[in-house]
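Here's the letter readout for the chains.
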Amino acid sequence: MAPKKRPRMSKKAADAGKADDGGKVSAAEASVGGKRKATGKSKESVKADDPPEHSHWLMKSEPESRFENGIDVKFGIEDLKTMLDQTSCWDGVRNFQARNFMRQMKKGQLAFFYHSNCKEPGIAGLMKIVKEAYVDHTQFDKKDVHFDASSKPDNPKWSMVDVQYQRMMKRFIPLSELKKYHLQHRAQGGPLKDMALFTRARLSVQPLTTEEFEFVVSLEDKAPL
DNA sequence: GCCAACGTTGGC
DNA sequence: GCCAACGTTGGC
């Protein structure tokens, strides 16, 4: 599922939790980066894992109404547009890998707004990261769909960023079209051959290489495949 | 609405 | 620390 964003801007109060990264790392959390190979590497690079730097992102959310214990989790790009300053916090991410990617995001970077779990899944538009990772307050809110009883205020588990609407894609880029390119590129080579949307299908926040990002943007001016 | 893929949890 | 059971994601 996709994160449900608050229809209100994050409160100043939420900014309080600056130091995000408490000392502890749960087993699940630790295992997440686990693909990382230790083979032949010197010990330093193994432990310290400075994440590879990504500069472009794709973030999924659901544009159609769906009720999760009585609460509508709908939040499409049209909803982002209506927010004050067309800006919203991206709360509700409850997956370690997705969270870790959000923590790598830098102010000013661009992200695709992807519509998931809907009639026509695909990329709807572009947004910009306007605030880097900070504590997701909804984890402590019992009324929230994404309340997490296992997260304690003195060591919050979950983070969010703020995003601002930039623009719609000149045309909606459907998943089906991206998939055709992905398959084609996988067979013959091309920028989308390893796109996370297909290789890590369930990740709700994912990085794109500059090549992937630019290829997708270039599709705007092409006829639908 | 179905269900495949896969992340998370907990028993041992 | 393994792995079965369970829960979630998200396309179709």
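Because the structure is predicted, anything quoted here is derived from the model rather than measured.

Chemist: So what exactly am I meant to see when it comes to the UniProt feature "domain: EVE" (unreviewed entry) in chain A here?
Modeler: UniProt records the feature "domain: EVE" (unreviewed entry) at residues 56–218, using the numbering of this structure. Measuring from the first to the last C-alpha atom of residues 56–218 gives 15 Å, for a span that is 26% helix and 33% strand.

Chemist: What is the right way to look at the side chain of His185 in this model?
Modeler: By the secondary structure assignment, His185 is in helix 5 (residues 175–188). With relative accessibility at 6%, the residue His185 sits in the buried group.

Chemist: Would you mind going over helix 7 (residues 210–219) with me for this structure?
Modeler: Side chains three or four residues apart in an α-helix point the same way, a direct result of the helix having 3.6 residues per turn. Those residues of helix 7 that fall on the buried side of the exposure criterion are Glu212, Phe213, Phe215, Val216, Val217 and Leu219. Looking at the buried positions of helix 7, the neighbouring elements they touch are strand 1 (56–61), strand 5 (110–115), strand 6 (122–135), strand 7 (159–174), helix 5 and strand 8 (205–208).

Chemist: Can you help me understand the pattern of salt bridges in this one?
Modeler: Side chains carrying opposite charge are able to pair once their charged atoms draw close together. Taken as a whole and judged by the stated rule, the model has 11 salt bridges. Arg171 serves as the salt-bridge partner of Glu177, at 2.8 Å between the closest nitrogen and oxygen. Summarising the burial analysis for this pair, Glu177 and Arg171 share the class buried. The closest approach of N and O atoms between Lys193 and Asp194, which form a salt bridge, is 3.4 Å. For Lys193, a relative accessible area of 35% corresponds to the partly exposed category. Taking the relative accessible area as the measure of exposure, Asp194 reaches 49% and is therefore partly exposed.

Chemist: What exactly am I supposed to notice about the sheet that holds strand 1 here?
Modeler: Each strand in a sheet pairs with its neighbour through backbone hydrogen bonds, running either in the same direction (parallel) or in the opposite one (antiparallel). Reading across the sheet, the 6 strands line up as 4-7-6-5-1-8 and stay open at both edges, with mixed pairing between neighbours. Either end of the sheet is taken by a strand with one partner, and the two such strands are strand 4 (87–89) and strand 8. Strand-to-strand twist across the sheet, computed as the mean angle between neighbouring axes with direction ignored, equals 35°. Looking at chain direction, strand 6 and strand 7 are connected through 10 bridges and run antiparallel. Residue pairing across strands places Met127 opposite Tyr165, the latter belonging to strand 7.

Cut-off values and rules
- Residues numbered from 1 in each chain as written.
- Chains lettered and ligands numbered in written order.
- Predicted model: local features only at pLDDT ≥ 70, side-chain atom pairs only at ≥ 80, totals over all residues.
- Heavy atoms only, no water.
- UniProt positions renumbered as here; feature names shortened; annotations may be inferred.
- Helix = DSSP H or I, 4+ residues; strand = E, 2+ residues; numbered from the N terminus.
- Buried < 20%, exposed > 50% of the residue type's maximum accessible area, 1.4 Å probe, protein only.
- Contact = heavy atoms within 4.5 Å.
- Salt bridge = Lys/Arg side-chain N within 4 Å of Asp/Glu carboxyl O.
- Pairing = 2+ DSSP bridges.
- Axes fitted to C-alpha atoms, helices over the stretch in contact; angles between N-to-C directions.

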